[in-house]
Amino acid sequence: MWHFPGKLYWWVLLLTLSPSLVHHQAAAVEQSAQITDLQIGFNGHYKVGYWTPVEFTIRGGDRSHQCRCSVIVPDADGLPASFEPVDGNRLQIPAGQNVTYRTYAKFGRIQGNLVVVCADDQQQLIHREFSGSQIPVGLSTNSPLVVHVGDWPEIERSIQATQRRHINVATLETVDSLPEHWWGYEGVDTLIITCGDPEIIAALNSVQVDALQKWIQMGGKLILSVGRHAEQLLGPEGILRELSPGQFLRTVDQCQTIELENFADVSHQLNVGRDALGRCELDLALIQQPAGIIELAEREGPESRPVLVRQNYGLGQVVFVAIDLNQSPVKQWEGRERLLARLLKWTLGSETEQTFSASIGAVKHTGYNDLSGQLRSALDQFQNIVFVPYWVVAVLVLLYLLLIGPFDYFFLRRFAKRMEWTWLTLPLIVAAFCLIPYALAKHLKGERFQMNQVEIVDIDIDSRFVRGTTWVHAYSPTTSSYDFSTQIQIPCQSNPVDHHTALISWQGLPGTALGSMNAASPSTGRSQPYSIRFPCDHSPARSQITEMPLQIWSTKSLTARWWGEIDLHFMADLRSQVDKQLRGSVLNPLDDDLTECYLYYAPWAYQIGRIPANRTITINSSSARRNLRYKLTRRTLSEESNNMTPWDEYSQSIPRIVEMMMFHEAAGGESYTGMFNRYQTFVDLSRHITSGRAVLVGRTSQPASSFQCDHESDSNQHWTFFRFVLPVSHTKPVGQTNRLQIDTELAGSNIP
């Protein structure tokens, strides 16, 4: 046996272990990928309850990686939800380099944690948690959000100068952070693009432009100001040519501004100077035969030049301003703020302190201040599910206290004569009052999974665009996890929907009441998030929710928005006469009967009733009709009285709630209902029926889409509403401004 001297032994041991120590030290100092920057929304502005762009920068480590990234944020109930694209491409993270990743999430709390997770097939590479104090606080659903793109640094001050309410304004001086999918704009109430510096707008890529156009088609509202550089942006190769209300001819110098000054309702004159060549310095983009309503036109010699044009773009709206709002001479004009306020009134609507106070009062009684909250409450009523009234619970509690107290004492003292038996009677009473409520709840709450579904399908005949909005309430009889997806199935075999895509997620409750998205609430303590996958790059894979947890006897609110193309250009031939009455015919293109039909065209609502599948009906002067607002507000007119039926904020009638959501502004808006319709204001098509278009509304017995779940459902209820936005030809031109003159007293409209 060998015997080493003491010092030699330690030297041998050190040399033996040194390679492993060096390797361990090298491994310890190996740099891993990390997140260096996080951007949420538009320059830190975003609203809860809406899809929001999220962008973060990753600095690569010592090795390159390919991974998938997801963003985890709390939903409307405070549960963590993980957002990631369906079949998204892997993110390439080169070693030692920075890479920016843009994705989308839907925040359910105005302040909460955000977690970014990136992983490859073997391991988790990045797990970074941002606390609520490290990310911007979200805006409430009822807070207006205006996003401006262009070189107008003082636009926020210009907007606030003429507003009685606070409007949140996000200003972007570049287009780099604009979304590449339309749902990134979902929380934006108005987008303003000013083109004084054309290089900013020209930097848009085709994907961003497609997303912008799709957002407007889905119900978005854009104010587009372009004058001097219209040739570059609206010409045949212009990046914004599709948003022009007509064919761009040329840029001209405009000298007369009288109509513009009158429109802004200011006494300050717009001083239009002349350059060295004698040209007027106000440049105007001349549009040939613009579609839509010419709200303002200026004369220049014998020529009438459109300055402000409002056009319907799909189911949304584009307000086209043919001059530069952020360039001289308008930039120095003292009436510019008033002009901007008029433009925003078209896209944001108006609000008074009285209606705002009334809506807040509604929260104290009903728990909601938005029509979407009332719809949510109505959808919570399930068939064969009985909710125990509070008075029954109170009676059971009182009976329990009486039994374990006075009854137990007097029974044992007077009849049993054995007070020690309380060790037996007390547990029996407690056990009985545990089993009886449980058995009663099992009997009343049922044992089958259920879903209630409401959907509105909007079809714009001119653009061949179809949009679907679905609300679903799911009831779970047990504590379990569920998978959801949606499938489009419009009953129209001869003309199916093409290129359709769906976006599915949770649905929140607006307001500040208990359970709303604005209310502060503690974390649920759930660590494992459920997954929400959204479509990406026209992937054929469907949007879906997986592993969503539901507690026993609880409900969950879900929503889906889907879109596609459908050709129904043949379904209507309508003409408007001088008396503002419709003549013509309308075809039901569906393979299902349309019932409870009304044809809306300001100032009238035509009562049609039932249109059989694939049948045509005729509209003429003898067709039954009534005043539009009278119909929406259920006003009755007689010799003795003229009574309007007040809005019932406690009503559970889904058809009535949906009708008001669809035409809230035409019914009088907040002044009639005392509630907002802002969480999903895109549903309101009031401005379409007051801008020269007709809207046919009807119900079908077959759903146009279906929510699919991995659990078998029972006793599902559904309400399906179709709206067809129809073109109307006019037998006589309506004035030089091409504006549809509507008698607001007859139309009953508060739309400016």
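Read on for an overview of the structure.

Definitions and limits used
Residues numbered from 1 in each chain as written. Predicted model: local features only at pLDDT ≥ 70, side-chain atom pairs only at ≥ 80, totals over all residues. Heavy atoms only, no water. Helix = DSSP H or I, 4+ residues; strand = E, 2+ residues; numbered from the N terminus. Areas by Shrake-Rupley, 256 points an atom, 1.4 Å probe, with all protein chains shown as cover. Buried < 20%, exposed > 50% of the residue type's maximum accessible area, 1.4 Å probe, protein only. Disulfide = S-S within 2.5 Å. Core = buried A, V, L, I, M, F, W, Y, C linked by side-chain atoms within 4.5 Å. Contact = heavy atoms within 4.5 Å. Pairing = 2+ DSSP bridges. Axes fitted to C-alpha atoms, helices over the stretch in contact; angles between N-to-C directions. 1 Å grid on protein atoms, 1.4 Å probe; cavity = no way out; pocket = protein on both sides within 12 Å on 5 of 7 lines; lining within 4 Å. Points joined across faces, edges and corners; volume = space filled by probe spheres on them. Salt bridge = Lys/Arg side-chain N within 4 Å of Asp/Glu carboxyl O. Expected span 1.5 Å × (residues − 1). Phe/Tyr/Trp six-rings, centres within 6.5 Å; stacked < 30°, edge-to-face > 60°. Lys NZ or Arg CZ within 6 Å of the ring centre and 35° of its normal.

**Overview of the overall build of the protein chain**
Thought 1: Along the backbone of the protein chain there are 16 helices and 36 strands.
Thought 2: Entry remark: accessible area of the protein chain is about 34500 Å², with carbon and sulfur atoms responsible for 52%.

**As for helix α13 (residues 654-662)**
Thought 1: A large share of α13 lies buried, amounting to eight of its nine residues.
Thought 2: Listing the buried residues of α13 in full gives Ile654, Arg656, Ile657, Val658, Glu659, Met660, Met661 and Met662.

**Observations regarding the state of the cysteines**
Thought 1: As enumerated under the stated definition, the model contains two disulfides in all.
Thought 2: Note that Cys255 is cross-linked by a disulfide to Cys280, the S-S spacing being 1.8 Å. Between Cys255 and Cys280, the S-S torsion sits near 95°, and that sign places the bridge as right-handed. Residue Cys255 is located in the loop between β13 (247-254) and α6 (258-264), and its partner Cys280 is located in the loop between α6 and β14 (282-288); the two are separated by 25 residues in the primary sequence.
Thought 3: Judged by its relative accessible area of 2%, Cys280 falls in the buried class.
Thought 4: Assigning the bonded cysteines of the protein chain consecutive numbers by sequence position, one obtains the connectivity 1-2, 3-4.

**So, the nonpolar core**
Thought 1: Within the largest apolar cluster, 166 residues are counted, with the highest numbers of intra-cluster contacts made by Phe56, Ile58, Leu114, Leu191, Phe484 and Phe663.
Thought 2: The contact partners of Leu191, leaving out residues within four places of it in the chain, are Val147, Val149, Tyr185, Leu212, Trp215, Lys221, Leu222 and Ile223.
Thought 3: Judged by nonpolar contacts, the second largest core, of 34 residues, contains Ile488, Leu582, Leu590 and Leu726.

**Details of the sheet that holds strand β35 (residues 717-726)**
Thought 1: Ordered in space as β21-β24-β19-β18-β35-β33-β27-β28-β30, the nine strands form an open sheet in which the pairing is mixed. A single partner strand is all that each edge strand has here, and the edge strands are β21 (498-506) and β30 (625-627). Adjacent strand axes in the sheet meet at a mean angle of 20° when their direction is disregarded.
Thought 2: Two elements, strand β18 (residues 450-460) and strand β19 (residues 465-476), share 11 bridges in a ladder whose sense is antiparallel. Counted as the bridge partner of Gln453 is Val472 from β19.
Thought 3: The strands touched by α13 are β18, β19, β27 (594-601), β33 (694-700) and β35; relative to β35, the strand with the most contacts, the crossing angle is about 30°.

**Regarding empty space enclosed by the protein**
Thought 1: Taken as a whole and assessed by the stated rule, the structure comprises seven cavities of 30 Å³ or more.
Thought 2: Along its surface, the largest cavity is lined by 14 residues, and Lys106, Glu186, Thr559, Arg561 and Gln680 are the ones closest to its centre.
Thought 3: Of all the secondary structure elements, the ones that give two or more residues to the lining of the largest cavity are β21 and β24 (554-565).
Thought 4: Sorting elements by how many residues they give to the lining of the largest cavity places β24 first, with three residues.

**So, the pattern of salt bridges**
Thought 1: Enumeration according to the criterion identifies 28 salt bridges in this entry.
Thought 2: Salt-bridge contacts for Glu295 lead to Arg310; the nearest nitrogen and oxygen are separated by 2.8 Å. Taken as a pair, Glu295 in strand β15 (residues 293-300) and Arg310 in strand β16 (residues 303-313) lie far apart in primary sequence, 15 residues in all. Across this residue pair, the class does not change: Glu295 and Arg310 are buried.

**A closer look at the environment of Ile35**
Thought 1: With respect to the helices and strands, the residue Ile35 is situated in strand β1 (residues 34-40).
Thought 2: Ile35 gets classed as buried once you look at its relative accessible area, which sits at 7%.
Thought 3: Once residues within four sequence positions are removed from consideration, Ile35 is found in contact with Phe56, Thr57, Ile58, Val116, Ile126, Arg128 and Phe130.

**As for helix α7 (residues 336-348)**
Thought 1: With 13 residues, α7 should cover 18 Å at 1.5 Å per step; its first-to-last C-alpha distance of 18 Å lies within 8% of that length.
Thought 2: Three or more residues of α7 are buried, namely Arg336, Leu339, Leu340, Ala341, Leu343, Leu344, Trp346, Thr347 and Leu348.
Thought 3: Following α7 by one or two positions, Gly349 adopts a phi angle in the positive range, close to 80°.

**Digging into the sheet that holds strand β25 (residues 572-576)**
Thought 1: If you trace the four strands from one edge of the open sheet to the other, you get β29-β26-β25-β36, paired in mixed fashion. Every other strand in the sheet has two partners, leaving β29 (616-619) and β36 (728-730) as the edge strands with one partner each. Going from strand to strand, the sheet's axes swing by 20° on average, the running direction of each strand aside.
Thought 2: Sheet analysis places β25 next to strand β26 (residues 582-587), joined by five bridges and oriented antiparallel. Each bridged residue has a counterpart across the sheet, and for Ser576 the counterpart in β26 is Leu582.

**A few points about the pairing of β16**
Thought 1: For β16, a buried count of eight out of 11 residues is recorded, marking the element as mostly surrounded by other parts of the structure.
Thought 2: Counted between consecutive antiparallel strands, the loop separating β15 from β16 contains two residues, among which Gly301 sits at a positive phi close to 70°.
Thought 3: Two elements, β16 and strand β17 (residues 316-321), share six bridges in a ladder whose sense is antiparallel. Paired with Tyr313 across the bridge in β17 is Gly316.
Thought 4: Here β16 hands over to β17 after two residues, with Gly314 in that stretch at a positive phi of 65°.

**Notes on the packing of aromatic side chains**
Thought 1: In the structure shown here, the tally under the stated rule is 22 aromatic pairs.
Thought 2: Between Trp182 and Trp183 the ring centres are 6.0 Å apart and the planes differ by 80°, which places this aromatic pair in the edge-to-face class. Accessibility classification places Trp182 together with Trp183 in one group, the buried group.
Thought 3: Here the aromatic residues Trp51, Phe83, Tyr104, Trp182, Trp183, Phe534 and Trp563 are joined through ring pairs into a cluster of three or more.
Thought 4: Here the basic side chain of Arg342 rests over the ring of Phe263, its NZ or CZ set 4.1 Å away from the ring centre.
Thought 5: Here Arg625 stacks its cationic end above the ring of Trp604, 4.8 Å away from the centre of that ring.

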